[in-house]
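# Structural features, examined
These are the residues of each chain, in order.
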Amino acid sequence: MEDDGSLLPEDDGSLLPEDGLLEDERDELEDPEFDIRCLLQEAEDDMDPGHSSSVKELDTGADKLKKKTAEDRTQAFHLRQNLSALDKMHEEQELFIEKMRGELRTCRQRQDLIGKQQEAVAAEIATEGEAGNMATVGRLQAVSRRLFVELENERDLQSRTEAVLKESENAMWHIEIQEGRLEAFRTADREEAEAAGRRLQVRAAQQLCREQEALGKMERNWLLRIRKSLHTQKELGLRHQKLLEDARKNHKVAVRFLKASLGRIREQEKKEEMKCQEHMRRRMDAVVALKGSISANRDTLRKFQAWGHAKAELAEQRVQAEKKAILAQGGDAFRHLVHQRRRQELEAQKRAFEEEQKLRKQEIVSRILKEEAEEDKRKKRRPPTNATHRPTLRDKTWNYISDFCEEKTTAPANTYMLDYEAAAGPGPSRLVDVISSELIQGDPGASSEEETLAEPEISGLWNEDYKPYQVPKEDVDRKPVGGTKMDKDILARTVERLRSRVVHKQVVLGREFQGRPFNSKPELLHFKDFDIGKVYKKKITLVNTTYTINYCKLVGVEEHLRDFIHVDFDPPGPLSAGMSCEVLVTFKPMINKDLEGNISFLAQTGEFSVPLKCSTKKCSLSLDKELIDFGSYVVGETTSRTITLTNTGGLGTSFKFLPASEPCETDDSQSILKLSSLLTYEDKSLYDKAATSLSEQQLEGTESSQADMQSRKELEKLDKEQEEEQPTEPERLTTAIPPSEEQTEITLGEITVGEIGPFSSIKVPVIFTPVVPGNVQARFKVMFKNPQCPTLHFRVMGVAIDVPVWVPKPSVDLKICMYDRLYQDSVLVHTRSKAALRLKFEVCKELRAHLELLPETGYIQAQSSYSVQLKFLPRHSLPEDAGRYFDKETRVLEAPMTIWVADQNKPVEFTVHAIVTTSDLELSPSEVDFGYCTIYEAIRTEISLHNHSLLPQEFGFVKLPKFVDVQPNDGFGTILPWETLQFDVIFSHQGPEEHSFKLTCKASHAVACRCFKLSCRAVGVHPPLELSHYQIKFAATALYDTSVATVYVINSHLSASSRTHSKPRIGSEDASPVGPMSFEFLLPPDSPITVSPSVGTVWPGKRCLVQVAFRPVLPEKLIRQEALPLLNKEMETKSFRKDTASQRKDLHRLSFSVLRMQNRDKLFKVSVPHVLELRKRELKPSSDEYQAARATLVRAFQAKFDTFVIPCVVASGDIKDRKGSEPPSFSPHNTLYLELWCPTVAPSVVVTSHKGKTIFNFGDVAVGHRSIKKVSIQNVCPEDLALDFSLLNPNGPFVLLNHSSLLRAGETQVLVLSFSPHESILAQETLDIITKRGTLTLTLVGTGVASMITCSIEGSILNMGYVIAGESVSSGFKLQNSSLLPITFSIHLDSLSSARDQDQQQLPQFLSSPSQRTEVVGTQNLHGQSVFSVAPVKGVMDPGKTQDFTVTFSPDHESLYFSDRLQVVLFEKKISHQILLKGAAREHMMFVEGGDPLDVPVESLTVIPVFDPKHREASSRPGPPSPEAEELRPILVALDYIQFDTDTPAPPATRELQVGCIRTTQPSPKKTVEFSLDSVTSLQHKGFSIEPCRGSVERGQTKTISISWVPPADFDPDHPLMVSALLQLRGDVKETYKVIFVAQVVTSP
């Protein structure tokens, strides 16, 4: 019967549409009908009766439409529009009719299917009816009725579809009729367009003719203008040449006077510069000295600080020791410390007063010494009365320089100066006087300036009479200079502790980082060619090269660079691996000197430095060649070569090219220069030689001074030559050194003297004009004005030959040539002979297969030229054939050619140069395998195209298959020499088959085309599953919002027949079987994408719905990086507060300067642990810093776009059929790919309160209380948003108190949220604020806290023990508040409760059975007060705090049953703990505890003494009572010997009795209690063992008496054993106890 139900599919209803769908389809079908009719009506309205005649005329012909009016054009325009609309409607109607016909066929097929199903159901009904299975018949009849209803619906749908189809066909006929009416207009319009095109062509041809005529006229005019311009240029050239000659003459005259003026100006500038340098040097020395003293003071302060800390620790230890000693002696430690502190303050005040007096005394002494020194200076400065010449400014300067030299230089310098002045004679001195007077008169302000510069900035340091202050011996002896040994040890430990905290090893995954922690870009910071006074800035980029996060801190620059280098570096905090930071370095040069050093940094893994170099401007001159070889040239020819003088330095200079044999040219300008140089040199000899040489020696060193002395010696030589040549001045101006023969053949060009600037070059031509055959050589030198530049030399050589035949182009350059291509050129041969000569052209034998000269023999006429044809056809064997004439690396061919002249031994040679290259293009890889490609995707593979040629080539991939595409530029372009281009080959196909094809790349050059092949192969795959969408474009999603898209996984493989559809297969393999197919989506790690379900199974003909969700979030690492500065700031604030508090305590001990140094040191010490603490501290997502950082990043978020490709693997079979954890066999070739476009934007609604946090923690709220929070939200988008809120749990503790439906643009609203817990629970809910632009989720967290108190008493019973009646004892316990809220408590005793009186009216509890007794209040004091008391009674316990309670037990009479109950009540409502209080009281100091109870726990109204029978008889006798007649106290001890198995011995039965002695404050003659037990021997015979039998107990102690029993051999189990013994206690009194032993054997449980 179950098989019968499978005749119909499970979802037959899905085959037939519902009524609602039918109605919708009918509406959709009827809409196009109305559109068609409306358009037809519009077309008919446009064709009004007035225009109908024109339409008829269109039918007869289009001749009458040539002359159109404006109305005709308007009508034609409307007709074209109607015609295009009709065409469009015609196409749409055809598509609609085809669609309806297809639906009609589908409807008829469904009717046939339902009819077949009805027949099958009817047959089954008959079969089951015969079988008598009425249940199945009923079910089949219901199926038959449902099929009948479905058949009726299908028939109705068919009738409606046929009606709609008929109406659509009618509309189609109307459209065709209308098109037929407009067919004539269509034909006329087409003919008119063709005629207009022909007219445009004729007009264009006429316009072209007119433009060609105008172009001819323009060319003729252009030629005329060129001729005029050439004539004008020729005239201008002649005029310009004349002007140049005049300018040269004037220039020579001007140069003479300019050089003299420049010489004077430069000397003055040098003087001023030397003065500035000297002044700057002094200031720098003072600054360096000041920095040295500051660093020394810092070290001293650090030592004092360490010493102070050590003294403070020792003092604190001493104070603690004294305090302990005083407390041990029973004294008042606080009072002693107060007196001691006051005494120390008085001593400190006294010392401060003494130090202040000493400082005042020193100040007075220093003032007196200063006044004496100033008085001595004034006496020395007073001029003598007989002096007639007042010292000038120059004399003062000389005096200062001499004083300076006496102090800091050696004595020979002064003697040298005196000797030089004596040798100078009176002439120079007069010249100096004149110059100095001119300077003083010309610049009156210079005297004051020089005076201020000549005097030192810090008075007293350079004075002879300056006496430095000496510290008194008593101050020196106080402390060693280097500090005590303890100071050094403390300082060493402090430094080691700091270093150990700053630098530590970095180990990641077991690998320790070693090496440089940061790389710098650039590696060397170089400031080139700097000028003094200017500021230069450069940036350094530091890149973290360690394995993980690192830190970087600036240490500083070296000591000698601190005055010039300033580093701006803002510590970036933690830097991840690969991250970088920038450092700005500012260089302000003060001295003209090269500097080198390092900038030091400190990383977490160690120190590193960046090298620094600063170089001054220098001249770096060089020649590009030292030898110029002109080669062989025929006499009479002229050729030239150029030599380049290059200056790669930043300082320019003057140069002059001279022959090596000629010392110098003599002209008028040189004599004027010598005169000016003489003047300057004499001035230098008197003034600048001393001061300038000193400064230069200090700044530039010995080399510069030696170069200066050499230049001065050269100037002296020039002066002597000038003096010798003075008498022959006219000859000097007109004559020159006679040139040699070499110089007539090899000469220099026009440019021989000039200025060369920094980073520039000058080309000087060298001209070779051979006159006499033979070898010609010449040497030249280049001299420079800068004495530091050495003289450069170069040599020129050439060969002059006398040959009648020569080649004007001795080198034939064929440029770049390709293999197997023919290249031609002509070689021209000239002759100066007056007779005809026979020439023979010869090619070297190695190249005869590649080169050819035609003709091989020829005759050249007298004094004429001859042309020879050169043919070059390089073959691939050229590198092997050419041998030494071909360079295989550079591919350069140098082929020597020879021309033999008849009757001449020396041939004429010329060279053929060519660069031979190939035209090969290389495709890599040589073979492309696309692998397996599904029909739903395209595979891209990258190939490279390399050009091995030296010429650019055009290329293109041609004859590509339809399923292959090459990009970019469709595979066409131009490739440059030795260039490599990358191309993407895209393969996509439509059927499962194996492909093997070749790509053809055709390359073309100016002379040839070549083809290159690339083999490709691929396998097409038709996967058994398909996706409804292979690309999903999500809408713009806000951060922390979710967008969901739907995609279907479809299994369309229904049958194994290939006629119905293409069968899924891999290439040419077998088709996939028909059956269920499983899939799985593989998501990339850490992606914001979720797929549900990610694994599933699809049956044939079915589809599976898959939801793809996109939820963008900020990266965790980025949030933590943003939160670290907040944590760092918080830690710095806390440390600063701690330091400030400690400084306030020590303020009365330290001065302000010492306090400032201490503050800086402490901040440095604390900053190091901050980094370590931040790294150790774990940043939780629920922390405030984390939430604030995330809110900041969300507000500043910029929109971004991400793309994800998610693979979907496919396997055959059901996913449920796999065994255990066995994974399904997914095929890698049937993989589907889903592409996701994910745009992310900033949220439209943000939280503006609580630092932007979206998690709101109400904290701990007591159960039954209520907490309220207000949250501000703002609309940051430019449009108004409608708000909708998600539903909170109606039974939960969270409630939204106010709702809002609209949030305008830029508006801020406040939401009020409340939290009221009903139980102790951690509650968390989410509130979604939903808008059309996204959803803002608020997380609400709160904790309902119940009152939780823990008690230190275990078991809820507090036993106070035994107490002497009338005395009291106390015991304590603790209650701890384990909750997070303060708790109000109160203590209640049951004996003091109001219900106590009602309980006393009832029957006593001892009258009821023990199981029914509920009384907890036992015996109380006789005077009515409670025997127990508790303190405190009420109060408040703070969270986590502990409250101590004291219970006092004060009995006033003897009883063993004192008891009460203590209750701890919280908030006056809840009972937290109940503690049972017990105690016992005795009249005497001894007690016995243990045994079985013989009475009730309630006192009787009377006391009945129990006596022993013997003693009772004695007491009944007449006479005085016997002292031995005393009360016997019974103690029952029952022992059960358990023996279930008679074969195995059982353990003895044991019991214990406790004998104790109560501690009391009452005086007693006995301090102990003695006990003894009699009849021990008889007890032992009956199986009892008692230990100990006697003994003593100290006060406050107890002793245990152990009793054990083993039944003797004659024991009768049916009769229990009962014996007794007397236990006597002796203390302050004597007490006797009768111990009754009852023993029995238990054989069954």
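Because the structure is a prediction, the values reported are computed rather than measured. (Residues numbered from 1 in each chain as written. Predicted model: local features only at pLDDT ≥ 70, side-chain atom pairs only at ≥ 80, totals over all residues. Heavy atoms only, no water.)

### Here's the deal with the sheet that holds strand β64 (residues 1428–1431)
Definition in use: Note on pairing: two strands pair once DSSP finds at least 2 bridges between them. In this description a helix means any DSSP run of H or I spanning at least four residues, a strand means any run of E spanning at least two, and both kinds are numbered starting from the N terminus. Each axis is a line fitted through C-alpha atoms, and for a helix only the stretch in contact is used; angles between axes span 0 to 180 degrees, taken between their N-to-C directions.
Strand order across the open sheet formed by four strands is β60-β62-β66-β64, with antiparallel pairing between neighbours. Two strands lie at the open edges of the sheet, namely β60 (1349–1351) and β64, each paired on one side alone. The average undirected angle you get between the axes of adjacent strands in this sheet is 25°. Sheet analysis places β64 next to strand β66 (residues 1442–1449), joined by four bridges and oriented antiparallel. For valine 1430, the partnering residue across the bridge sits in β66 and is valine 1447.

### Topic: the packing of helix α3 (residues 70–131) against helix α4 (residues 134–181)
To keep it simple, the criterion reads: Working definition: roughly parallel below 35 degrees, roughly antiparallel above 145 degrees, roughly perpendicular at 65 to 115 degrees, and oblique for all remaining angles. Take the far helix as the reference: if the near one is turned anticlockwise from it by less than a right angle, the crossing is left-handed, and if turned clockwise, right-handed. When residue character is reported, Ala, Val, Leu, Ile, Met, Phe, Trp, Tyr, Cys and Pro are called nonpolar, Asp, Glu, Lys and Arg charged, and the others, Gly included, polar.
Closest axis-to-axis distance for the α3/α4 pair is 8 Å, and the angle between their directions is 160°. Regarding the angle of α3 to α4, the classification is roughly antiparallel. Where α3 crosses over α4, the handedness of that crossing is left-handed. Taken together, the residues of the contact of α3 with α4 break down into 22 nonpolar, 13 polar and 14 charged.

### Side note on a negative patch on the surface
We apply this condition: Distance thresholds for patches are 9 Å for like charges and 5 Å for nonpolar side chains (Val, Leu, Ile, Met, Phe, Trp, Tyr), applied to residues having over 30% relative accessible area and no salt bridge. Each accessible area is a Shrake-Rupley estimate made with a 1.4 Å probe; only the visible protein chains count as cover when residues are assessed. A carboxyl oxygen of Asp or Glu within 4 Å of a side-chain nitrogen of Lys or Arg is what we treat as a salt bridge. The charge count includes Lys and Arg as positive and Asp and Glu as negative, but it does not include His or the ends of the chains. Note that the charge is assigned to NZ on lysines, CZ on arginines, CG on aspartates and CD on glutamates. Exposure is judged per residue with a 1.4 Å probe applied to protein chains only, and the accessible area is read against the type maximum: over 50% gives exposed, under 20% gives buried, and values in between give partly exposed.
On the surface, Glu91, Glu92, Glu94 and Glu176 cluster together to form a negatively charged patch. The greatest single-element share of the negative patch, amounting to three residues, is contributed by α3. Residue placement: glutamate 91 occurs in helix α3. The class of glutamate 91 is exposed, set by a relative accessible area of 52%.

### Considering the confidence of the model for the chain
In low-pLDDT segments, the atomic positions of the prediction should not be examined closely. Filter applied, for reference: What pLDDT expresses is the predictor's confidence in each residue, scored from 0 to 100. Note on definitions: a residue-residue contact is assigned when non-hydrogen atoms from the two residues lie within 4.5 Å.
A residue-level look at the chain finds 76% of positions with pLDDT of 70 or above and a mean pLDDT of 77. When the criterion is pLDDT under 50, residues 384–389 qualifies, and its contacts beyond four places in sequence or with other chains add up to one contact. The model gives residues 1501–1525 a pLDDT under 50, and that stretch makes 11 contacts with residues more than four places away or in other chains.

### What to know about the state of the cysteines
Selection criterion: Note that a disulfide, as used here, is simply two cysteine sulfur atoms within 2.5 Å.
All told, the structure shown has zero disulfides when counted by the stated rule. As a non-bridged cysteine, cysteine 619 has cysteine 789 as the owner of its nearest cysteine sulfur, 4.0 Å distant.

### Digging into the pattern of salt bridges
Under the defined criterion, the tally for this structure stands at 35 salt bridges. With its nearest N and O atoms 3.4 Å apart, the salt bridge here joins glutamate 162 to arginine 108. Of this pair, glutamate 162 sits in helix α4 while arginine 108 is found in helix α3, placing the two residues 54 residues apart along the sequence. Classification of glutamate 162 by relative accessible area gives partly exposed; the value is 35%. Judged by relative accessible area, which is 38%, arginine 108 ranks as partly exposed. Arginine 360 is paired through a salt bridge with glutamate 356; the nearest N and O atoms lie 2.8 Å apart. Here glutamate 356 and arginine 360 lie together in helix α6 (residues 333–381), a separation of four residues that amounts to about one turn. Among the charged side chains, a salt-bridge network with shared partners connects Glu278, Arg281, Arg282 and Asp285.

### What to know about helix α20 (residues 1184–1195)
Here is the rule: For a helix, the expected span equals 1.5 Å multiplied by the number of residues minus one.
Look at α20: 17 Å from first C-alpha to last across 12 residues, which is about the 16 Å you get at 1.5 Å a residue. Of all the 12 residues making up α20, nine are buried; the element is thus mostly covered by neighbouring parts of the structure. Within the sequence span of α20, burial applies to Glu1185, Tyr1186, Gln1187, Ala1188, Ala1189, Arg1190, Ala1191, Leu1193 and Val1194.

### Overview of a nonpolar patch on the surface
Nonpolar side chains collect at one region of the surface, where Ile1268, Val1295 and Leu1297 lie side by side and expose about 230 Å² of accessible area between them. For leucine 1297, a relative accessible area of 39% puts it in the partly exposed group.

### As for the sheet that holds strand β4 (residues 525–530)
One open sheet accounts for four strands, arranged β4-β10-β9-β6; its pairing is mixed. Strands with a single pairing partner mark the edges of an open sheet, and in this sheet they are β4 and β6 (552–557). Averaged over all pairs of adjacent strands, the angle between their axes in this sheet comes to 20°, without regard to strand direction. Taken together, the four bridges between β4 and strand β10 (residues 606–616) define a ladder with parallel strand orientation. The partner of leucine 525 across the bridge, within β10, is leucine 612.

### Structural notes on the pairing of strand β76 (residues 1617–1626)
Bridge count for strand β72 (residues 1568–1573) against β76 is four bridges, and the pairing is antiparallel. Each bridged residue has a counterpart across the sheet, and for glutamate 1570 the counterpart in β76 is arginine 1626. Inspection of the sheet shows β76 paired to strand β77 (residues 1630–1642) by 10 bridges, in the antiparallel sense. Looking at the pairing, valine 1619 lines up with phenylalanine 1637 of β77. Connecting β76 to the antiparallel partner β77 that follows it, the hairpin turn spans three residues.

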